[in-house]
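Architecture at a glance
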Amino acid sequence: MRAQDLANVNGHRDWVLLGYLVCPSELLRITGIDIAMAVLKENLVLSLYRDECILLHEEYQLYVLPKILESKKMAKAGRAKQKEADAEYNIAKQVEKMICDVHDQAISCAEGIHRERRILLKQEIGRMVLFFSDQPSLLAPNIQMVFSALALARSEVMWYFRHIGVVSVKSKATRIVPVEIDSSDPTIGFLLDGMDKLCCLVRKYVSAIRGYALAYLASAAERIRFLLGSPGMIALDIDAELRNLFQQVIGCLEKSPKPQGEHVSTATADLSDFRKNWLSVLMVVTSSRSSINIRHLEKATISTGKEGLVSEGNAAYVWSRSVDELEDQLSTHACVKQLYYYRQHLTVVFRNTMFGPEGRPQHCCAWLGVASSFPDNATVSVPEEFLKIGRDAVSYVESLIESIMGGLEGLINILDSESGFGSLESKLLPEQAAIRMNHAAKVAMPSSKSMKSNSDLPLPGNESEPANRDTIKMLEAAVQRLTSLCSVLNEMEPICILNHVFVLREYLRDCVLNNFRRRLITILKIDRDLQRPSVLESLVHRHMNIVHLVEQHVSMDLTQGMREVLLSEAFSGPIRGLHTFEKPVQNTGTAISIICDWYLENVVKDVNGAGILFTPIDKCFKSARPVGGYFAEAVTDLSELKAFVRLFGPYGVDKLDGMIREHLTALLNCIDTTLRSNKEYLEALSAHMHNSRERDYYLKQVHELEPLINFSIQAGQALCFTSLLAEAAGQVLDANTPLLFSLLSDFTKHLPASLPEREDIRRLKTLTNTLGVTTEHDIALVNSILLDMVGVGDVTWGLLPYLYATCMTSNIWNTSAFNVSTGGFNNNVHCLARCINAVIAASEFVRAERKELERQLLSQQQSNRNGTELKELEAELQNLEGITSVEVNIKASMKIFIKCASTIILQSWSDSNRSPLVAKLIFLDQLCELSNYLPRSTLEVHVPYAILRSIYQQYFENSVPTLVLISPSRRHSLGIPLSHVPSRNGQFYSDHTVESGEGATSSTLKFAAQRKSPLLDLESSSDADIKPIGGGVRLSGPLDYTGMRKVSFLDTPSSDGTSGPSPLRRFVMSRSGPITYK
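Source: prediction; values computed, not measured. (Residues numbered from 1 in each chain as written. Predicted model: local features only at pLDDT ≥ 70, side-chain atom pairs only at ≥ 80, totals over all residues. Heavy atoms only, no water.)

Further remarks concern the packing of helix H22 (residues 533-551) against helix H26 (residues 638-677). Where H22 contacts H26, the axes come no closer than 7 Å and their chain directions differ by 40 degrees. The angle between H22 and H26 places the two elements in the oblique class. Here H22 and H26 pass one another in a crossing that is left-handed. Residues Pro533, Ser534, Leu536, Glu537 and Val540 of H22 pack against Glu640, Ala643, Phe644, Arg646, Leu647 and Phe648 of H26. A per-class count over the contact of H22 with H26 returns seven nonpolar, one polar and three charged. (Axes fitted to C-alpha atoms, helices over the stretch in contact; angles between N-to-C directions. Helix = DSSP H or I, 4+ residues; strand = E, 2+ residues; numbered from the N terminus. Parallel < 35°, antiparallel > 145°, perpendicular 65-115°, else oblique. Left-handed = near helix turned anticlockwise from the far one by under 90°. Contact = heavy atoms within 4.5 Å. Nonpolar A, V, L, I, M, F, W, Y, C, P; charged D, E, K, R; others polar.)

With that out of the way, let us pick up the confidence of the model for the chain. On average, residues of the chain score 80 in pLDDT, and 80% of them reach the 70 mark or higher. Averaged pLDDT values for the elements of the chain fall to 30 in strand S14 (residues 1004-1005) and rise to 94 in helix H6 (residues 143-162). Confidence drops under a pLDDT of 50 for residues 448-455, and excluding neighbours within four residues, the segment shows eight contacts in the predicted structure. A low-confidence stretch, residues 961-1078 (pLDDT under 50), is modelled with 204 contacts involving residues beyond four sequence positions or located in other chains. (pLDDT = per-residue confidence, 0-100.)

Glancing now at unusual backbone geometry. Backbone geometry places Arg50, a non-glycine residue, at a positive phi of 55 degrees. Position of Arg50 relative to the elements: it lies in the loop between strand S1 (45-49) and strand S2 (52-55). The exposure class of Arg50 is buried, given its relative accessible area of 17%. Although it is not a glycine, Asp606 sits at a positive phi angle of roughly 55 degrees. Inspection of the secondary structure puts Asp606 in the loop between helix H24 (590-604) and strand S9 (613-615). On the accessibility criterion, Asp606 (17% relative accessible area) is buried. (Buried < 20%, exposed > 50% of the residue type's maximum accessible area, 1.4 Å probe, protein only.)

On to H6. Compared with an ideal rise of 1.5 Å per residue, which puts 20 residues at 28 Å, H6 spans 28 Å between its outermost C-alpha atoms and is within 8% of the ideal. Summarising burial for H6: 18 of the 20 residues are buried, a large majority. (Expected span 1.5 Å × (residues − 1).)

For the pair helix H29 (residues 705-736) and helix H30 (residues 738-749), the least separation of the axes is 5 Å and the interaxial angle reads 125 degrees. Considering their axes alone, H29 and H30 lie oblique with respect to each other. Contacts between H29 and H30 involve Gly730, Leu733, Asp734, Ala735 and Asn736 from the former and Pro738, Leu740, Phe741 and Leu744 from the latter. Of the residues in the contact of H29 with H30, the class split is six nonpolar, two polar and one charged.

Looking now at the packing of aromatic side chains. Considering all chains together, one arrives at 21 aromatic pairs under this definition. Residues Tyr340 and Tyr341 carry aromatic rings whose centres are separated by 5.0 Å and whose planes lie at 70 degrees to one another, so their mutual orientation is edge-to-face. Each member of the aromatic cluster is reached from another via a ring pair, and the members are Trp598, Tyr599, Phe614, Phe621, Phe644, Phe648 and Phe721. Its guanidinium or amino end placed over the ring of Phe190, Lys122 lies 4.3 Å from that ring's centre, counting from NZ or CZ. (Phe/Tyr/Trp six-rings, centres within 6.5 Å; stacked < 30°, edge-to-face > 60°. Lys NZ or Arg CZ within 6 Å of the ring centre and 35° of its normal.)

Right, let's talk about the side chain of Arg50 for a bit. Engagement of the side chain of Arg50 in a polar contact is seen with the side chain of Tyr341, the distance being 2.9 Å. Polar side-chain contacts of Arg50 include one of 2.5 Å to the side chain of Glu385. Here Arg50 is in contact with Gln338, Tyr341, Tyr342, Asn377, Ala378, Thr379 and Glu385, once residues within four sequence places are set aside. (Polar contact = N/O pair within 3.5 Å; in protein donor to acceptor, adjacent residues only side chain to side chain.)

Bringing the pattern of salt bridges into the picture now. Applying the stated criterion across every chain, the model contains 40 salt bridges. In this structure, Arg518 engages Glu409 in a salt bridge whose closest nitrogen and oxygen atoms are separated by 2.4 Å. Note that Arg518 is positioned in helix H21 (residues 504-523) and Glu409 in helix H17 (residues 383-416), a separation of 109 residues in sequence. Residues Arg847 and Glu844 are paired through a salt bridge, measuring 3.7 Å at the closest nitrogen-oxygen approach. A residue pair is termed a helical-turn pair when its members lie 3 or 4 positions apart in one helix, as Arg847 and Glu844 do in helix H34 (residues 830-862) at three residues. In this structure, Arg847 and Glu844 share a single accessibility class: buried. When salt bridges with common partners are traced through the structure, they connect Glu111, Arg115, Arg118 and Asp185 into a single cluster. (Salt bridge = Lys/Arg side-chain N within 4 Å of Asp/Glu carboxyl O.)

The subject of this paragraph is the pairing of S1. Judged from the four bridges that link them, S1 and S2 form a sheet pairing that is antiparallel. Considered in S2, the bridge of Tyr49 is made with Glu52. Linking S1 back to S2 in an antiparallel pair, the connection comprises two residues, with Arg50 at a positive phi of about 55 degrees. (Pairing = 2+ DSSP bridges.)

This is the structure we're talking about:
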């Protein structure tokens, strides 16, 4: 069988099945049984029209079998009379047996036969695609073989879907047996893809095919003319009509256009006349009335060449269709439009096979391309049918695209999972190396017996071992499928159905970006808790690396799209101080809202009561118990906040800063309310501060003191967090955009000082404060809040130092204990110092600005147009004087607070109430350390440094900071009380002194814990001359006693003019420490 005959094998099969069904007597011929047996055992249904099919074997048993039985009965009756009847009887008996047995064979064997045929076609079509892609010049000579392969593949695909769900009744049993069709057969995808690729190759090289066909027709014309003049044809003596038809055939072939290189494809050759004339010749020679038989023509001319006249004409007829009907032949042999009626099964098979173990994601284009031919099923006379089929085709394409994009997301998520690229990254984490080193150290110790848990941590490169290569193979297969799928979707032509155009590249882009958005929201939280920003950043980078892998195989900028996704998830509104437009009405900023809400509720507000404490030394927050899945330091460390800034940029920083700003605004309003409710008592307190009886009375009258301290500590805690956030933003800005950072930094340094500030300068200062460029972050933040509050800066706010001085009588100091390792107190009271410094300084700036606004308003009302330049100069000088006066006022307010607080602390101290003294003194020292407006000399007037130095010395000695030999000194020998000094475990010592003697004078060996805190060599030190050990290391705690801050230890009266003996005169003369009980 030749290639052109294979192309029509499907039609031959249908004619056989229908012919024997309509003419059962033809089965009684000698070859009828073999022909029928060959086709019946491979088919269970026969298609009539569209999806209308009949059960083939039931129809044969219903219509053909009775005819055969009747013939058998007649032959049996005539067996005694005729010998031919016996042979007819035997044939009828065989046909009867064949019809009954072939049904069971078809049920059991038909699927297996066609499965093997599909596998064979899959392999052969795959080889053809590779061969003709590599050797396109051989496509034209073998175009008929291509058409045959397309026809066979189409036949097998249609057979597969027509037999899905078919239920048949066995001939020898009454039970119904379903035909077992595997709905996850991967060969269907290979056949559809192979057909699509072969059609693309034919359309790509259509010019070469037409050129070859024209060349063949030109040579065929010469061969036909030669055969017509051969002796055999002359001997036949054909009639004039037939001779005339042959001449017309030759004339049509000779008139066909000649191939001219690249212009072959544009040749509009119409060879329909040639085919019509040749069909007329065949009709004449096959007619019973003709004197010339077709066999006569073939025998008369076959001896003169390889082919006879009829064979040459048939071949020319076939090749002529490759000139002007090439597209029609493709439509005939590769048309699968009838799959529309099986689209549900088509979708099921696609989903079962596309991303299965044997499926190929790149076959999706063939499955989608099928829908383009669905509208061809519509009948022209029924317009409604065209619209219905079009809608169904669109729905089918959308369903498949959804499945394809779901598979694409699945491949990306497989690579992005912990069992994917995450398993490789986890082996390189520093934590894994640290754990392994700890295990190795335990093994080196004699007490260690085993190292069982270390085996759970495979070394990097362990996956390359032969026994562990399955993971790598899985990743390689996923990467290959992902890249091939993206390449195919990128190169696929748009699918046009009615007025719908599906561009797979755009679907791919939306799928990747939407998956990234969902992935970002998913990884934000782990076990209903926030993911660490550094881990979140690494996960985002891992996902972006996978997207970059996809980007290499598509002609799109997916990186820009991911930036847009991150921007949309970080943008929740314009940045204060930078943007002036209103927030657009759109749903953006989901991710940043989740993170900011978590930080505000769990860290700043501590709604879960996890014991959040700010540690100034570590610059982070710590918690007594986990906040969700982590301790507070794991999510508030500077490195974690920098990861947060790198992920969400300035929009995220501004969002979090804005939420904390709102929280601060509420707290400052509460402080304002408390201040105004105690105005009368604070005024009386300020007037009677030096009268102990009156002072104690009005101190007791001040109410809502504990809520005030609570609000202030919360405000200080919020200021600490915003300061850390601003510092992280500044470091990230400096590392990534150093030019912009230096520009903003230089702007803050050379900012013109003015009161009030211009709106543009104020906006820029707000921006630089948010990004951590300014130094006075707390004051600037509180100042911007107080400017929007009504009443701030009036006379009442002048009593603010006295209000905070009354906090020294609070009960919170009874539970306050200083921790050397953190640099703060155990109840966060050190945040109160931060709040006091920021609020007092900011309130003075607000007061000065509002007074200046009032003055300018009055000046404008009284001024005239003359002397404008002189008034501008005067205004500039007044601004400079205003800035200086504000700083003087701030220092004066801070001095008032120190004086009042020291007086309250020292006057309220007694033998019966001495517990909170140490904490209060350290608090005042921390305030001096924190504030730029409060020199330590101010505190020195009231609390000599010798007391603070001794306190810090005892704290550092009991914290076991480092390996230092401590020699005995006079202070040790005099007995230092430890009743108010915390021990190493954080508890307080009992009220006793350190005993002197042999044990006290022996050298003590101190070991390092976490930080280095050098101690003084007390033997070489003196009370009046305290020198740091080499390198300028300060040895007395968090104090900065440099040359610029040298103070006198003499008992001098205070500079405010108050008289009377100092309450701490006895401590100045004492050498036994801060507190001595006699």
